[in-house]
4 protein chains.
Amino acid sequence: MAGNSFGTVFKLTTFGESHGEALGGIIDGCPAGLTIDFKAIEAEMQRRKPGQSNIVTQRKEPDTVKFLSGIFEGVSTGSPIGFVIENTNQKSKDYSHIKDTYRPSHADYTYDQKYGVRDYRGGGRSSARETACRVAAGAIAKQLLKGVKITAYVSSVGSLEVQKPYQELDFSTIENNPVRCADPDVAIQMESLIKEIRKQGDTVGGSISCVIQHVPVGLGEPVFDKLHAQLGKAMLSINAVKGFEYGSGFAGTRLKGSEHNDLFNSDGTTKTNYSGGVQGGISNGADIYFNVAFKPVATIMQKQDTIDSKGNQVEMEGKGRHDPCVVPRAVPIVEAMAALVLADFYLLNKVSKIEHT
Amino acid sequence: MAGNSFGTVFKLTTFGESHGEALGGIIDGCPAGLTIDFKAIEAEMQRRKPGQSNIVTQRKEPDTVKFLSGIFEGVSTGSPIGFVIENTNQKSKDYSHIKDTYRPSHADYTYDQKYGVRDYRGGGRSSARETACRVAAGAIAKQLLKGVKITAYVSSVGSLEVQKPYQELDFSTIENNPVRCADPDVAIQMESLIKEIRKQGDTVGGSISCVIQHVPVGLGEPVFDKLHAQLGKAMLSINAVKGFEYGSGFAGTRLKGSEHNDLFNSDGTTKTNYSGGVQGGISNGADIYFNVAFKPVATIMQKQDTIDSKGNQVEMEGKGRHDPCVVPRAVPIVEAMAALVLADFYLLNKVSKIEHT
Amino acid sequence: MAGNSFGTVFKLTTFGESHGEALGGIIDGCPAGLTIDFKAIEAEMQRRKPGQSNIVTQRKEPDTVKFLSGIFEGVSTGSPIGFVIENTNQKSKDYSHIKDTYRPSHADYTYDQKYGVRDYRGGGRSSARETACRVAAGAIAKQLLKGVKITAYVSSVGSLEVQKPYQELDFSTIENNPVRCADPDVAIQMESLIKEIRKQGDTVGGSISCVIQHVPVGLGEPVFDKLHAQLGKAMLSINAVKGFEYGSGFAGTRLKGSEHNDLFNSDGTTKTNYSGGVQGGISNGADIYFNVAFKPVATIMQKQDTIDSKGNQVEMEGKGRHDPCVVPRAVPIVEAMAALVLADFYLLNKVSKIEHT
Amino acid sequence: MAGNSFGTVFKLTTFGESHGEALGGIIDGCPAGLTIDFKAIEAEMQRRKPGQSNIVTQRKEPDTVKFLSGIFEGVSTGSPIGFVIENTNQKSKDYSHIKDTYRPSHADYTYDQKYGVRDYRGGGRSSARETACRVAAGAIAKQLLKGVKITAYVSSVGSLEVQKPYQELDFSTIENNPVRCADPDVAIQMESLIKEIRKQGDTVGGSISCVIQHVPVGLGEPVFDKLHAQLGKAMLSINAVKGFEYGSGFAGTRLKGSEHNDLFNSDGTTKTNYSGGVQGGISNGADIYFNVAFKPVATIMQKQDTIDSKGNQVEMEGKGRHDPCVVPRAVPIVEAMAALVLADFYLLNKVSKIEHT
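Keep in mind that what you see is a predicted model, and the values were worked out from it rather than measured.

Quick notes on the overall build of chain A
Now for step 1: In terms of regular secondary structure, chain A is built from 7 helices and 17 strands.
Now for step 2: A compact globule built from 357 residues would reach a C-alpha radius of gyration of about 21 Å, and chain A, at 21 Å, matches this within 12%.
Now for step 3: Here chain A holds 357 residues, and 69% of them are scored as buried.
Now for step 4: Accessible surface computed for chain A: about 11,500 Å², of which carbon and sulfur atoms make up 48%.
Now for step 5: Mean positive and mean negative side-chain charge positions of chain A (40 and 40 charges, respectively) differ by 3 Å.

This is how it looks when you write it as structure tokens:
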């Protein structure tokens with residue numbers, strides 16, 4: 001399995017299982033001279049961690065990031081930044097009931113088939129706990145991207161959707177509600193829905209929208225590493241994600257060219273932004289915006305028929321403390337992955353052309 | 001620009017502009033011993049090439065692939081497979097009117113900003129002509145993937161949609177209509193719509209669905225290089241693509257876990273397939289299916305206001321022979337990119353575990 | 001700095017400075033199902049660690065490797081193997097005298113110029129302490145390479161050289177002397193020389209020879225990633241290495257083709273082995289052997305004139321506990337890097353050709 | 001075989017066999033805005049091509065490089081630069097006598113074992129003809145490295161060696177003699193020796209020295225991609241190379257630290273240069289110099305016993321037009337590979353640190 005690195009120049013490699021001793025990662029390629037804001041990193045970790053509100057899992061994990069290298073006297077040195085996040089809450093016993101069982105719509109079966117062995121404790125490597133490392137690294141990427149503003153928010157839960165375009169939303173309200181929805185009225189309904197779903201022992205899907213403002217022109221490396229292609233991969237690599245669209249997205253397929261084309265102003269900006277801030281795979285300076293679809297969490301607190309590794313039919317029921325809806329906690333993960341993509345392209349773009357001095 | 005390679009072990013690198021002397025590519029990592037079916041490659045090229053029906057561009061490009069290396073006596077040798085596709089139809093004069101003009105929703109502006117120079121002839125590197133190389137390489141990838149069946153078809157044009165699930169469609173009808181729609185009745189409507197749109201000098205968007213059958217279990221390299229994440233990147237890297245969803249996709253966000261979970265049969269197959277053949281980023285042997293959204297072609301045969309490179313307002317009108325709707329010709333491109341993704345993961349999976357003999 | 005990864009499929013990424021909290025690394029791509037022999041890893045670490053004899057540095061570092069992921073119940077799971085090695089002996093005060101000083105023939109000046117900041121504590125990232133991670137990872141690579149035997153030994157210290165070809169040496173004697181020389185008589189002289197040099201407060205260079213036996217035929221990926229090219233890079237990336245030669249090496253330049261050609265036996269083996277087990281960049285099954293040149297350690301216990309970061313002339317003298325000769329402790333490092341190269345090519349070679357079944 | 005790319009940001013991928021239709025390559029990552037000097041490229045190709053003097057092979061290959069993309073109106077556009085070099089002189093019949101025979105010390109046996117098939121025509125992919133692509137790409141890399149001066153010359157043929165240090169040589173004389181030796185007196189002896197060897201139907205080894213002047217400080221990416229490690233790999237990947245040493249090299253192993261350390265001048269330059277312009281894997285601005293060992297060409301015009309692919313003993317004798325000594329023609333190849341290494345590190349170094357403006 002050599003798929004645990006992300007990025008070309010600003011590159012994150014991660015390790016760790018949900019119930020091993022620790023998770024962690026290495027950021028290679030962070031330029032030297034970046035003053036690291038540790039409080040900002042901690043703040044991002046807090047946004048992702050369990051137990052922060054009453055609509056998410058009540059597991060307790062402090063999720064403290066311990067940096068081991070690459071930072072000296074508060075400044076990045078150009079050497080790889082190694083970090084670990086300890087698993088302080090590994091109750092392996094919690095998972096003995098799934099040792100030989102394949103949970104429906106989890107990765108138990110596929111990991112077992114692919115690798116022939118399986119760390120059955122809480123999903124092992126396939127657990128979303130792995131995303132803690134992405135948030136830590138993304139927090140540093142954000143600091144590298146001075147001036148760029150990345151804002152994600154929950155735009156749907158089940159059938160409840162934010163109807164307003166992002167321009168009409170007040171992003172400062174996002175962190176004021178436990179759902180992280182940017183529309184306060186819809187947020188209240190979403191919170192009720194999630195509580196109701198939880199009572200049923202069930203889960204529900206949702207979607208996250210992300211807006212990136214003040215992006216420099218020129219980011220993205222066609223023809224394969226187009227900005228939106230790499231953003232799409234980044235999002236689709238997050239646990240439970242089923243879809244990605246940017247700019248006009250799937251709705252844009254219904255439009256005509258004469259409706260969809262973004263006409264220019266004389267300064268190179270455009271009158272509309274169906275392109276979603278990307279043309280030909282390269283940022284054009286307009287806002288980048290995209291949607292990410294998340295399926296309902298597979299672990300439900302209801303009895304389900306399933307099989308064990310021998311193919312016997314068994315009945316199982318979710319135990320432990322799981323999220324009834326993943327999107328509130330996934331908001332900082334979406335932002336982190338967006339930051340990793342942009343940081344890498346930002347650095348790559350420094351060598352796109354000869355600078356004549 | 002170092003973004004012109006795709007894949008890790010089975011790796012394609014391409015070059016070429018729409019109006020240069022030739023396009024081409026190198027496939028590195030194709031295993032030795034593969035008997036190459038040149039007729040099959042040519043057939044794929046025919047599906048993509050212009051002028052094949054009356055609803056696509058009437059440009060004439062033979063798009064013959066000339067293999068220069070890596071194949072000896074009809075068999076791959078393990079050495080890199082180099083190939084070129086000549087541009088026999090470069091009428092550079094056709095494009096002099098856009099030399100200093102930025103076409104709306106094209107990549108003219110962003111390329112100029114990023115690189116400081118611009119090959120203005122027909123979009124240069126940003127032209128979809130580049131995808132000819134993908135189709136050539138994908139045709140070889142398909143041959144490596146013996147037994148795997150990759151089928152793409154047009155599932156919407158504008159507001160016209162195929163309503164039937166793919167299981168109810170007869171894939172053998174796809175190539176019988178110029179739209180490459182798998183539902184013959186809808187195909188007729190789509191064809192009419194495209195003709196109507198063309199008469200208006202306009203263009204229209206659409207979407208392509210793709211189904212991959214008989215996929216081996218175990219393909220995909222979590223956590224970043226998940227099978228669907230790499231498929232998503234592959235699709236989003238195709239010109240004009242705005243979105244990607246697999247399995248239950250965006251619609252799945254509305255479901256509950258109890259509805260969405262795919263329960264197991266005793267042989268490890270599942271009763272439903274909301275997962276779209278992928279669990280935890282690894283293929284589970286069920287059908288992989290996904291949708292790809294394409295925006296309307298940006299070049300329209302209508303007058304549009306735009307700007308030149310100095311920021312002056314100018315009026316322009318599309319010339320030449322362009323597609324009123326891109327999806328019919330994009331069907332083989334979607335298949336080719338899917339094949340490249342699968343071929344790479346197929347080879348990578350050979351080293352996932354120790355084989356005890 | 002994105003140069004902290006080594007390998008394509010079996011890939012090691014490392015982090016850590018000599019006086020940070022810990023060093024560590026991630027092995028991505030180790031196949032699942034490998035039973036890990038932790039004692040064997042510890043044994044390799046012991047061979048590299050300081051203080052093991054009276055001719056090496058007397059620093060005390062336990063160099064215990066703590067594995068954090070990727071191994072479950074003693075077996076590799078296919079997930080990335082994360083590990084840390086704590087720095088228990090960081091006496092940062094020891095290094096305050098070099099804070100603003102560039103030590104001659106160290107990396108102080110170049111790191112400061114390249115990165116604009118410098119972790120001055122004991123060389124920081126440029127310290128050979130980093131090689132502890134290579135030894136840990138190499139120990140796992142060795143376990144993957146069942147049947148392959150990698151043996152390195154000191155073949156020269158200063159002007160003292162082992163004259164016998166490796167075939168006449170008894171490798172079982174290597175660990176019997178603190179120099180790790182495979183010729184016991186020369187070993188005694190080398191030990192005396194190193195002690196004498198240390199008394200002078202000086203250091204001395206030397207070389208290491210390495211022999212790899214029972215290598216499968218077919219390892220190496222021409223044209224750039226030839227087996228010996230990657231071995232050369234691996235060795236040259238070790239601190240203090242100045243040269244690499246394999247097979248007939250530099251001496252082979254003096255020979256004629258008629259003398260140098262390795263004639264075949266009927267089973268494909270060769271009567272001689274000037275090729276050093278590699279032809280055209282691919283292993284041929286014969287013994288691979290090569291030599292690695294190490295310069296004298298730059299830190300000497302003598303007064304030297306040097307400059308500070310402002311360009312002022314200052315006088316400095318080495319402090320602390322340094323090796324008078326680096327080669328005895330570098331023997332396991334050479335073996336580890338060789339193992340990393342071979343493990344990667346071993347896996348890559350699994351997909352060189354189609355297996356007809 | 002995925003080993004046909006070299007470099008990270010400035011990346012060359014090559015294809016082609018000695019007797020296929022054409023060789024070629026793709027340079028991805030060349031910054032836009034570089035004015036390409038085609039005459040300079042042609043001049044480098046002339047230096048490598050056969051038939052240029054009476055001491056090299058008399059084969060006739062025009063070796064014209066045809067650029068197909070990435071250059072518009074004489075300037076690089078940032079898009080990949082594709083190029084081909086036609087094989088105008090493929091006389092496949094010449095090689096029918098080796099179809100089933102493994103030539104001693106060639107790659108016939110290892111390619112056949114690794115790939116199961118073999119393009120037997122003239123060595124196929126393992127032929128040094130492949131290096132033509134390296135020279136073409138290296139010529140562009142040289143143009144990117146404005147101000148840097150890369151000079152290689154033959155420093156030994158058999159036992160004849162240039163004794164003078166490079167500082168005492170007049171590099172302007174190198175191209176005045178067919179051997180490309182920088183010492184005119186030794187050059188005459190070398191020429192005689194090569195002619196004598198050729199008369200015997202034999203071949204002889206030699207070595208090339210290379211000096212790189214005016215290198216910017218800061219190139220190289222520790223810890224694995226050290227400047228000299230990548231240079232070493234680059235050189236060892238050239239056909240027939242058996243060894244690499246830089247700075248004090250193997251001779252430096254005999255020195256003491258007090259002799260070998262390069263003391264600083266107050267401007268950061270050093271009084272001596274045993275380090276060979278590289279400290280800790282990063283260029284320090286001093287001259288980089290290194291030696292490369294080449295074995296004698298394996299094809300000799302004498303009868304040799306060998307085996308066929310069935311293991312039968314057969315007698316063979318070299319035919320055709322081969323070099324009696326490879327080093328004169330390898331001089332531009334050494335320079336080209338050095339240029340590729342430096343160009344890549346030059347671009348990578350642009351993102352080593354945050355630029356405060």
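So, next bit.
Remarks on the sheet that holds strand β12 (residues 241–246) of chain A
What links the strands of a sheet is backbone hydrogen bonding, and the strands pair in either a parallel or an antiparallel sense.
Now for step 1: Strand order across the open sheet formed by 10 strands is β10(A)-β9(A)-β11(A)-β15(A)-β12(A)-β12(B)-β15(B)-β11(B)-β9(B)-β10(B), with antiparallel pairing between neighbours. With one partner strand each, in any of the chains shown, β10 (160–161) of chain A together with β10 (160–161) of chain B form the two edges of the open sheet.
Now for step 2: The pairing of strand β11 (residues 206–213) of chain A with strand β15 (residues 288–294) of chain A spans 7 bridges and is antiparallel. In the sheet register, Cys 210 of chain A faces β15 of chain A, and the bridge partner there is Phe 290 of chain A.

Notes on the interface of chain A and chain C
Now for step 1: Tallying the contact residues gives 44 residues for chain A and 43 residues for chain C.
Now for step 2: Summing the contributions of chain A and of chain C, the shared interface buries around 3,200 Å²; its carbon and sulfur component is 62%.
Now for step 3: Considering only the side of chain A, the residues that lose the most area to chain C are Phe 15, Leu 68 and Phe 72 of chain A, jointly responsible for 19% of the buried surface there.
Now for step 4: Seen at the junction of chain A and chain C, the total is 2 salt bridges.
Now for step 5: In this structure, the salt-bridge partner of Glu 21 of chain C is Lys 66 of chain A, at a minimum N-O distance of 3.8 Å.
Now for step 6: At the junction of chain A with chain C, the criterion picks out 6 residue pairs in polar contact (both at pLDDT 80 or more).
Now for step 7: Of all elements in the fold, only β2 (11–15), β3 (22–28), β4 (65–67), β6 (75–76), β7 (81–86) and α2 (108–115) of chain A reach the threshold of two or more residues within the side of chain A that touches chain C.

Points about the pairing of β3 of chain A
Residue and element names in this part refer to chain A.
Now for step 1: Across the 7 residues that make up β3, a large majority, 7, are buried.
Now for step 2: Both faces of β3 are covered, namely the face carrying Ala 22, Gly 24, Ile 26 and Asp 28 and the face carrying Leu 23, Gly 25 and Ile 27.
Now for step 3: Summarising the sheet, β2 and β3 pair through 5 bridges and their orientation is antiparallel. Looking at the pairing, Lys 11 lines up with Asp 28 of β3.
Now for step 4: Adjacent in sequence and paired antiparallel, β2 and β3 are bridged by 6 residues, among which Gly 16 carries a positive phi angle near 120°.

Points about the packing of aromatic side chains
Now for step 1: Using the criterion set out here, one finds 49 aromatic pairs over all chains in the structure.
Now for step 2: On the basis of an interplanar angle of 80° and a centroid distance of 5.3 Å, the ring pair of Tyr 120 of chain A and Phe 72 of chain C is categorised as edge-to-face. Of this pair, Tyr 120 of chain A sits in the loop between α2 and α3 (131–144) while Phe 72 of chain C sits in strand β5 (residues 71–72), which puts the two residues in different chains. Phe 72 of chain C matches Tyr 120 of chain A in its accessibility class, with the two residues each being buried.
Now for step 3: Taken together through their ring pairs, the aromatic side chains of Phe 38, Phe 67 and Phe 83 of chain A make up a single cluster.
Now for step 4: Over the face of the ring belonging to Tyr 246 of chain A we find Lys 242 of chain B, whose NZ or CZ atom lies 4.1 Å from the ring centre.

Focus on α3 of chain A
Now for step 1: With 14 residues, α3 of chain A extends 20 Å from end C-alpha to end C-alpha; this agrees with the ideal 20 Å at 1.5 Å per step.
Now for step 2: Summarising burial for α3 of chain A: 13 of the 14 residues are buried, a large majority.

Observations regarding the relation of the copies chain A and chain B
Now for step 1: Turning chain A through 180° and shifting it by 0.0 Å along the axis lays it on chain B, with an RMSD of 0.0 Å. These values place the two chain copies in the arrangement generated by a two-fold rotation axis.
Now for step 2: Both copies contact each other with a shared surface, as 100% of the interface residues of chain A are interface residues in chain B too.

Describing the pairing of strand β7 (residues 81–86) of chain D
Residues and elements named next belong to chain D.
Now for step 1: With 5 of 6 residues buried, β7 is to be regarded as a mostly interior element.
Now for step 2: With 6 bridges connecting them, strand β3 (residues 22–28) and β7 associate as antiparallel partners. For Ala 22, the partnering residue across the bridge sits in β7 and is Glu 86.

Considerations on the interface of chain A and chain B
Now for step 1: The interface is formed by 106 residues belonging to chain A together with 106 residues belonging to chain B.
Now for step 2: Between chain A and chain B lies a buried interface of about 8,100 Å² when both sides are counted; carbon and sulfur atoms form 57% of it.
Now for step 3: It is Lys 114, Phe 224 and Lys 242 of chain A that lose the most area in chain A upon contact with chain B, and together they represent 11% of the buried surface on that side.
Now for step 4: Linking chain A to chain B there are 6 salt bridges.
Now for step 5: Put simply, Asp 225 of chain B and Lys 233 of chain A hold a salt bridge, and the shortest N to O gap is 2.7 Å.
Now for step 6: Where chain A meets chain B, there are 57 residue pairs in polar contact (both at pLDDT 80 or more).
Now for step 7: Of the residues assigned to the side of chain A that touches chain B, the class counts are 37 nonpolar, 49 polar and 20 charged.

Focus on the nonpolar core
Now for step 1: If you look at the biggest cluster of nonpolar residues, it comprises 372 residues, and the most contacted ones within it are Phe 290 of chain A, Phe 290 of chain B, Phe 290 of chain C together with Phe 290 of chain D.
Now for step 2: Filtering out sequence-adjacent residues up to four positions away, Phe 290 of chain D remains in contact with Ile 208, Ser 209, Cys 210, Ile 212, Leu 231, Met 235, Phe 244, Glu 245, Tyr 246, Val 334 and Ala 338 of chain D.

A short note on the environment of Leu 144 of chain A
Now for step 1: Structurally, Leu 144 of chain A can be placed in helix α3.
Now for step 2: Sequence separation between Leu 144 of chain A and Ile 36 of chain A is 108 residues; the distance between their C-alpha atoms is 9.2 Å.
Now for step 3: Leaving out residues up to four positions away in the same chain, Leu 144 of chain A has contacts with Phe 10, Pro 31, Leu 34, Ala 343 and Leu 347 of chain A together with Ile 354 of chain D.

Thoughts on the confidence of the model for chain A
Now for step 1: Residues at a pLDDT of 70 or more form 97% of chain A, whose mean pLDDT is 94.
Now for step 2: Interface scoring of the predicted complex returns ipTM 0.97; its pTM is 0.97.

A word on the side chain of Thr 203 of chain B
Now for step 1: As for its placement among the helices and strands, Thr 203 of chain B is situated in the loop between α4 (184–199) and β11 (206–213).
Now for step 2: Reaching out from Thr 203 of chain B, the side chain makes a polar contact with the backbone oxygen of Val 297 of chain B at a distance of 2.7 Å.
Now for step 3: If near-sequence neighbours (up to four positions away) are discounted, Thr 203 of chain B is found in contact with Leu 255, Lys 256 and Gly 257 of chain A together with Ile 197, Pro 296, Val 297, Thr 299, Ile 300, Asp 323 and Pro 324 of chain B.

Reading the values: rules and limits
Residues numbered from 1 in each chain as written. Chains lettered and ligands numbered in written order. Predicted model: local features only at pLDDT ≥ 70, side-chain atom pairs only at ≥ 80, totals over all residues. Heavy atoms only, no water. Helix = DSSP H or I, 4+ residues; strand = E, 2+ residues; numbered from the N terminus. Rg over C-alpha atoms; globule rule 2.2 N^0.38 Å. Buried < 20%, exposed > 50% of the residue type's maximum accessible area, 1.4 Å probe, protein only. Areas by Shrake-Rupley, 256 points an atom, 1.4 Å probe, with all protein chains shown as cover. Lys, Arg positive; Asp, Glu negative; His and termini not counted. Charge placed at Lys NZ, Arg CZ, Asp CG, Glu CD. Pairing = 2+ DSSP bridges. Contact = heavy atoms within 4.5 Å. Buried area = accessible area lost by both parts, 1.4 Å probe. Salt bridge = Lys/Arg side-chain N within 4 Å of Asp/Glu carboxyl O. Polar contact = N/O pair within 3.5 Å; in protein donor to acceptor, adjacent residues only side chain to side chain. Phe/Tyr/Trp six-rings, centres within 6.5 Å; stacked < 30°, edge-to-face > 60°. Lys NZ or Arg CZ within 6 Å of the ring centre and 35° of its normal. Expected span 1.5 Å × (residues − 1). Least-squares fit on C-alpha atoms with pLDDT ≥ 70 in both. Nonpolar A, V, L, I, M, F, W, Y, C, P; charged D, E, K, R; others polar. Core = buried A, V, L, I, M, F, W, Y, C linked by side-chain atoms within 4.5 Å. pLDDT = per-residue confidence, 0-100.

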